[in-house]
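Chain residues, written in single-letter form:
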Amino acid sequence: MTASEFDAELDARGLFCPEPVMMLHNRIHDVEPGGVLRVVATDPSTTRDIPRFCQFLGHELVSQEEQQGEFIYLIRRGG
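Residues numbered from 1 in each chain as written. Predicted model: local features only at pLDDT ≥ 70, side-chain atom pairs only at ≥ 80, totals over all residues. Heavy atoms only, no water.

(A) Main features of the nonpolar core. With 13 residues, the main nonpolar core has Leu-24, Ile-28, Leu-37, Val-39, Ile-50, Tyr-73 and Ile-75 as its most contacted residues. Within the residue set of this core, elements represented by two or more residues are β1 (8–12), β2 (36–41), α2 (46–57) and β4 (70–76). Not counting residues up to four positions away in its chain, the partners in contact with Ile-50 are Val-21, Leu-24, Val-39, Leu-61, Tyr-73 and Ile-75. (Core = buried A, V, L, I, M, F, W, Y, C linked by side-chain atoms within 4.5 Å. Buried < 20%, exposed > 50% of the residue type's maximum accessible area, 1.4 Å probe, protein only. Helix = DSSP H or I, 4+ residues; strand = E, 2+ residues; numbered from the N terminus. Contact = heavy atoms within 4.5 Å.)

Shown next as structure tokens:
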């Protein structure tokens, strides 16, 4: 994943529910509508919480993957 694939990043490593989603809620507003935010987290609950966040608030979950204990999300901000 290269920096050209996203417009901003949120490092939520080491944080536990509900902190990653609370930070995401604030950080997504720093991205223009249509822009992509990359989120990196270590809390497994984000695999449930972040897709729900996107669904309820109208953002697109572009990708979701796990790499060496880190959960990486690309989220396209909705309008």
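(B) Representation of the sheet that holds β4 within the structure. As summarised here, the arrangement of the 4 strands in space is β1-β2-β4-β3, forming an open sheet in which the pairing is mixed. Strands with a single pairing partner mark the edges of an open sheet, and in this sheet they are β1 and β3 (60–67). For this sheet, the mean inter-axis angle between neighbouring strands, taken without regard to orientation, is 15°. Where β3 and β4 come together, 7 bridges link them in antiparallel fashion. Within β4, the position partnered with Leu-61 by the bridge is Ile-75. Along the sheet, helix α1 (residues 19–27) contacts β1, β2 and β4; its crossing angle with β1, the most-contacted strand, is approximately 160°. In the packing of α2 onto the sheet, contacts are made with β2, β3 and β4, and the angle to β4 comes to roughly 5°. (Pairing = 2+ DSSP bridges. Axes fitted to C-alpha atoms, helices over the stretch in contact; angles between N-to-C directions.)

Structural measurements only, silent on function.
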